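Residue strings, one per chain:
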Amino acid sequence: MIGIYLIVAFVVSTLLFFNRNKILNYLLVGLFVVLQWVFTIYEYRHLNIEELGYFIPDSLAIIFLIVLSIVCIPAFYHSYIYFKHHRDTPRAQAIYYAAMVVLIVALSAAYLSSHIAVTWIFIDLTTLSAAALIYHRRNVRALEGTWKYLFVCSISMALVFIGILFLTLALQEEGLKSLSYHALIEKAPILNTFWLKLAFLFIFTGYTAKAGLIPMYTAGIDAKDKAPSPAGALIGSVLMNVGFFGIYRFYEIISHTSIHNWSNKNYIHIGHPYRIYCNSLYASCEECQTYACLFRSVSYGVGCHRFGFWRNRALCCYPSFGASLAC
Amino acid sequence: MTNILLIAFAFTLVYLGMSSRLQGYISILAFQGILLFGVAFIELIEINTINLMFILLETIVFKTIAIPKFLNYIIKRNHITREAEPFLPNFLSVVIITFIILGSFILSNAIHDTHLRKIFFMIALSALFTGLFIIMTRRKIITHVIGFLVIENGVFVLSLAVGNEMPMLVNAGILLDIFVGVLLLGIFANKIGDVLKEQDVEQLRQLKD
């Protein structure tokens, strides 16, 4: 099913990109929403069955996929309202809808992927599509927001890739090759903890750009602000979820090793001093009050997040964090 | 031979700190591409031919020819001045980059792992931190892109260390290269040139309130 989903979504986004007819545009968007829901229901009914060798719809993936499918309906509806009031050129609308479809498809595939490198590839693809959405208004500020988002996200994705390479070094020591989450969790207790620690630090730092957490949270602040509101809502909710999803998948592996406590403590120790430092810095700057508010919301998110990890129930608290930021 | 190429790569990092002209930076990037081609050719001889061809094509065509040409095109098109305009004096940059390489060397030697090829690890870390240092201490947007490309080269070195076992990861790294190359350079460096009069990070400060 995921193969069909990816192909049909690719065709729809291509048609949306080239099409300039309004009615056909809405029909294609409607078709995509139906496809998204059929796909979600299909995956829900085929839990834990591997597809194409790299995708497994496990319970965690399904929860996030359902949230994504729910959020995409108001996002498309409000996009329709947005274009009704703004009267953008047909070309700008076409790029907007095509980018939004690509973003949702990349997010769905990232949630369902059972291989750490495949997750990384699809999360990287979200940067491309989100950049097109942020640049929608084509003015200086949108350009600045897009540039910052692209640059910070690209560096972050490079850091994640370095983390995956460190993980590979740990695997090679034990003569293993598979980077699927299932194999990694199974073999986690015998992996070299030094490489795992390094991998955790790099992967965690890299994915914070997407999750809107310390230290790379700056990527998303201007992006959410400068994108059209419906796109900003997607960037502030489901795109942040995918960052958390990447961190949580790796945390799942770490939780089966002896460095589980180290990763929890490390997270808390990095968070606190940095939070105090940034809050005091922003408080002293009169021009940075929006940033200060946003930073505080990120800090609260970190508190929530940390509590979730502490209780091993990160899933319960994270959607509320995403929702609060989206608001 | 691999060691010699990688040590030459480390020297190019020091030269980055020394160079005050953008043309110098671009030449270094092209030279790094050739060095990476040499390392990839020696190291990845065991993987299948298609993968090897893909990697070699990427190092020579993309890193050595396409990116430097494109950077030159952007500089000419946007009338960017030749000076790199660092915040720090070049001498200090050289000293800091030397310390970065020295620190990476000490860190690599502190790791007791028989499977680890320390020189790859050391060069990759040096390139990563040097790239970050270039981004932090240079004023122009184009030098930020160059700093990122240095990080990319470091990532490529590290991926070569695991390349024989997992060629898929090297390909994924190449995907990252192409993705960023096309997107960052192709679209936005040009667009920024059209919109902003000066190609300076100081111009990107409007988003605050």
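Residues numbered from 1 in each chain as written. Chains lettered and ligands numbered in written order. Predicted model: local features only at pLDDT ≥ 70, side-chain atom pairs only at ≥ 80, totals over all residues. Heavy atoms only, no water.

Novice: Lay out the overall build of chain B with the relevant residues and their values.
Specialist: Counting secondary structure elements, chain B contains seven helices and zero strands. Its helices and strands in sequence order give chain B the pattern α-α-α-α-α-α-α, from N to C terminus. Within chain B, the fraction of its 209 residues that count as buried is 57%. By sequence separation, contacts in chain B at least 24 residues apart represent 78% of the contacts at least 6 residues apart. Total accessible area on chain B is roughly 9,200 Å²; 69% of this is exposed by carbon and sulfur atoms. (Helix = DSSP H or I, 4+ residues; strand = E, 2+ residues; numbered from the N terminus. Buried < 20%, exposed > 50% of the residue type's maximum accessible area, 1.4 Å probe, protein only. Contact = heavy atoms within 4.5 Å. Areas by Shrake-Rupley, 256 points an atom, 1.4 Å probe, with all protein chains shown as cover.)

Novice: How would you summarise the overall build of chain A if you had to cite specific residues and measurements?
Specialist: For chain A, the helix and strand inventory stands at 14 helices and zero strands. Going from the N terminus to the C terminus, chain A shows its helices and strands as α-α-α-α-α-α-α-α-α-α-α-α-α-α. Split into buried and exposed, the 327 residues of chain A put 59% on the buried side. When contacts within chain A are restricted to residue pairs at least 6 apart in sequence, those whose partners lie at least 24 apart make up 75%. Total accessible area on chain A is roughly 12,900 Å²; 65% of this is exposed by carbon and sulfur atoms.

Novice: Which residues make up unusual backbone geometry, and what values do they have?
Specialist: All names here are of chain A. Positioned with a positive phi, L52 is a non-glycine residue whose angle comes to about 55 degrees. Here L52 lies in the loop between α2 (22-45) and α3 (59-86). When its relative accessible area of 56% is taken as the criterion, L52 is described as exposed. Here R138, not a glycine, exhibits a phi torsion of approximately 60 degrees, which is positive. Under the relative-accessibility criterion, R138 is labelled partly exposed at 36%.

Novice: Can you lay out the environment of F41 of chain B for me, pointing to particular residues and giving the numbers?
Specialist: Residue and element names in this part refer to chain B. On the secondary structure map, F41 appears in helix α2 (residues 22-43). Given a relative accessible area of 42%, F41 falls into the partly exposed group. Sequence separation between F41 and L56 is 15 residues, and the spatial gap between their C-alpha atoms is 7.0 Å.

Novice: I'd like a description of helix α6 (residues 141-161) of chain B, backed by residues and values.
Specialist: In this model α6 of chain B runs 31 Å from its N-terminal to its C-terminal C-alpha over 21 residues, within 8% of the 30 Å that 1.5 Å per residue would give. The buried fraction of α6 of chain B amounts to 20 of the 21 residues, a majority that puts the element mostly inside the structure. (Expected span 1.5 Å × (residues − 1).)

Novice: Explain the confidence of the model for chain A to me, and be specific about the residues and the numbers.
Specialist: Summary statistics for chain A give a mean pLDDT of 79 and a share of 81% for residues scoring 70 or more. Throughout residues 306-327 of chain A the model reports pLDDT below 50, and contacts reaching past four residues in sequence, or to other chains, amount to 42 contacts. (pLDDT = per-residue confidence, 0-100.)

Novice: Describe the nonpolar core, and please don't skip the residues or the numbers.
Specialist: Within the largest apolar cluster, 157 residues are counted, with the highest numbers of intra-cluster contacts made by F32, F76, F166 and F250 of chain A. With 19 residues, helix α6 (residues 140-173) of chain A is the single largest residue contributor to this core. (Core = buried A, V, L, I, M, F, W, Y, C linked by side-chain atoms within 4.5 Å.)

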